Amino acid sequence: MSIHAIALIHECTIISNTQSGTDEYGSPVYMENSTVSSCRFLVSDEPGKIDELESGKHTVSEVSVILPSDVVVEAGDTISSMVPGYSHSYEVLSVKPITQLFNSTVHHYECKLKAVE
């Protein structure tokens, strides 16, 4: 299956923080890196969990994103997008590499996301 078969029809920005050194007190100093990538946002088919808030019961759906195999993404990174319906900032909760059939080569990544308030 080619990357085109999963139709990466959206675009997102992946923001990660990498340690670039330490300050004069020995505390880590981080540098923010951003990468623009093609992607595909998905909402889980499974029924969402229900949260009880003051305003009543609300269904919370799981959002995930598919990214190509040449992208570097880790749990804790931030993904943002201007795609209608997904124009939000999300924290990456988990990254699952999906390999090609009969091969151990990574085809793409599936990341579970959590909306950042």
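Anyway, here's the lowdown on the structure attached to this text. (Residues numbered from 1 in each chain as written. Predicted model: local features only at pLDDT ≥ 70, side-chain atom pairs only at ≥ 80, totals over all residues. Heavy atoms only, no water.)

Moving on to the packing of aromatic side chains. For the structure shown, the criterion picks out two aromatic pairs. Both rings, one in Phe41 and one in Tyr86, keep their centres 5.0 Å apart while their planes meet at 10 degrees; by these two values the pair is stacked. Placement of the pair is Phe41 in strand E2 (residues 28-43) and Tyr86 in the loop between strand E6 (78-80) and strand E7 (89-99), with a sequence separation of 45 residues. The residues Phe41 and Tyr86 share a single accessibility class, namely buried. Relative to Tyr90, the ring of Phe41 has its centre 6.0 Å away and its plane inclined at 40 degrees; by these criteria the two rings are tilted. Taken as a pair, Phe41 in strand E2 and Tyr90 in strand E7 lie far apart in primary sequence, 49 residues in all. Tyr90 carries the same exposure label as Phe41, and that label is buried. Each member of the aromatic cluster is reached from another via a ring pair, and the members are Phe41, Tyr86 and Tyr90. (Phe/Tyr/Trp six-rings, centres within 6.5 Å; stacked < 30°, edge-to-face > 60°. Helix = DSSP H or I, 4+ residues; strand = E, 2+ residues; numbered from the N terminus. Buried < 20%, exposed > 50% of the residue type's maximum accessible area, 1.4 Å probe, protein only.)

In this section: the nonpolar core. With 16 residues, the main nonpolar core has Phe41, Val65, Leu67, Ile79 and Leu113 as its most contacted residues. Contributions of two or more residues to this core are made by strand E1 (10-22), E2, strand E5 (63-68), E7 and strand E8 (106-115). Examining the composition of this core, we find that three residues originate from one element, E5, more than from any other. What Phe41 contacts, discounting residues up to four positions off in sequence, is His10, Cys12, Val63, Ser64, Val65, Ile79, Ser81, Val83, Tyr86, Tyr90 and Leu113. (Core = buried A, V, L, I, M, F, W, Y, C linked by side-chain atoms within 4.5 Å. Contact = heavy atoms within 4.5 Å.)

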